[in-house]
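Each chain, written out:
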Amino acid sequence: MTKIAYLGPAGTYSEMAALRYLQLSHPDLEHDPSIMCPYPTIPQAINAAENGNVEIAIVPVENSIQGGVTMTLDSLWQSEALQIQQAIVLPIAHALITRAAILTDIKTVYSHPQGLAQCQLWLDCHLPTVQQIATDSTTDGLQRVAEDGTSAAIASQRAAELYNLPILQFPINDQPDNFTRFLVLGRNTSHRQGTHSSLAFSLKRNMPGALVKPLLVFADRHINLSRIESRPTKRSLGEYIFFIDIEAALPDANCCEALEELKTVTENLKILGSYAIT
Ligand SMILES: O=C(O)C(=O)Cc1ccccc1
């Protein structure tokens, strides 16, 4: 039976993405709770799929305001077996969940770093003196909120319903247009289709033009890049891994040719998958 790892506990945005995936891809399985496997951190959810403990992991990769989710990018680079099978974009609207009756009663606010960052201006304006505590997911602090009337969490409306906790204010995100892209990761490599592909590479040597060569491979073939992001290799300061999304599918001949040439101008190249975005 298909099992899905996601960043838990229940009520996270990652769980919402997992439910959306089920609705779209396996409508027959939608209401089977044994499918859904919450993990406490993003790397643990990804490892569960890598090790074959679950078939699929669903994790956030990028937010329209805060940018890349570094834990996901770093785990993807480490992964040997996983491929991106699908991307799911969800609108994100944050609620302030608390048993406090007024804002001035709140002393501590919990959320995932992305949740805190996406509400930073609102927090500075309405709760300037509260202690902000970063948690592994938006729902991690909800137990504390249930026990302590001076605590609050930034999480979804759905999370408030699931944990039967009140919402004091909604929405509190600084930008009304706030979207997060989630990746569906699986070991099934036969799944190479869709409109987009992701890859990552390190460079052979840090020298003038080192990044231009890989970029020219795409430019020369009229392949459009939809994203480029760098992460440190963690080997030495100033060395990077580049994550690139292209608007092309890997079985495409033009694209295969590009990848062959890319191998010659990169040190280590990883094909992360071809997939559709829903
Ligand atoms: O913690 C969650 O709910 C997540 O799924 C990560 C996250 C946090 C904030 C916005 C989008 C995703």
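Report follows, based on the coordinates.

Quick notes on the rules
Residues numbered from 1 in each chain as written. Predicted model: local features only at pLDDT ≥ 70, side-chain atom pairs only at ≥ 80, totals over all residues. Heavy atoms only, no water. Helix = DSSP H or I, 4+ residues; strand = E, 2+ residues; numbered from the N terminus. Buried < 20%, exposed > 50% of the residue type's maximum accessible area, 1.4 Å probe, protein only. Contact = heavy atoms within 4.5 Å. Pairing = 2+ DSSP bridges. Salt bridge = Lys/Arg side-chain N within 4 Å of Asp/Glu carboxyl O.

Quick notes on the environment of Leu142
Then, in step 1: With respect to the helices and strands, Leu142 occurs in helix α6 (residues 142-147).
Then, in step 2: For Leu142, a relative accessible area of 1% corresponds to the buried category.
Then, in step 3: Expressed as a C-alpha distance, the spacing of Leu142 and Gly11, which sit 131 residues apart in the sequence, is 9.9 Å.
Then, in step 4: In contact with Leu142, other than residues within four places in its own chain, are Ile97, Ala153, Ala159, Tyr163 and Leu165.

Brief notes about the pairing of strand β9 (residues 151-155)
Side-chain positions along a regular strand alternate between the two faces of the sheet.
Then, in step 1: The element β9 is extensively covered by neighbouring structure, given that 5 of its 5 residues are classed as buried.
Then, in step 2: Going residue by residue along β9, you find Ser151, Ala153 and Ala155 tucked away on one face and Ala152 and Ile154 tucked away on the opposite face as well.
Then, in step 3: Pairing between strand β6 (residues 95-98) and β9: 4 bridges, direction antiparallel. Each bridged residue has a counterpart across the sheet, and for Leu96 the counterpart in β9 is Ile154.
Then, in step 4: As paired strands, strand β7 (residues 108-111) and β9 are joined by 3 bridges and run parallel to one another.

Concerning the pattern of salt bridges
Then, in step 1: For the structure shown, the criterion picks out 15 salt bridges.
Then, in step 2: Between Glu15 and Arg158 there is a salt bridge, and its shortest N-O distance comes to 2.5 Å. Of the two residues, Glu15 is situated in helix α1 (residues 13-25) and Arg158 in helix α7 (residues 157-162); the sequence distance between them amounts to 143 residues.
Then, in step 3: Given a relative accessible area of 8%, Glu15 falls into the buried group.
Then, in step 4: Linking Asp245 and Arg227 is a salt bridge whose minimum nitrogen-to-oxygen distance equals 3.3 Å. Here the residue Asp245 occupies a position in strand β14 (residues 240-246), and Arg227 occupies one in strand β13 (residues 225-232), the gap between them amounting to 18 residues. The pair formed by Asp245 and Arg227 is uniform in burial state, with each residue classed as buried.
Then, in step 5: Each of Glu62, Arg181, Arg227, Glu229 and Asp245 takes part in one network of salt bridges that share partners.

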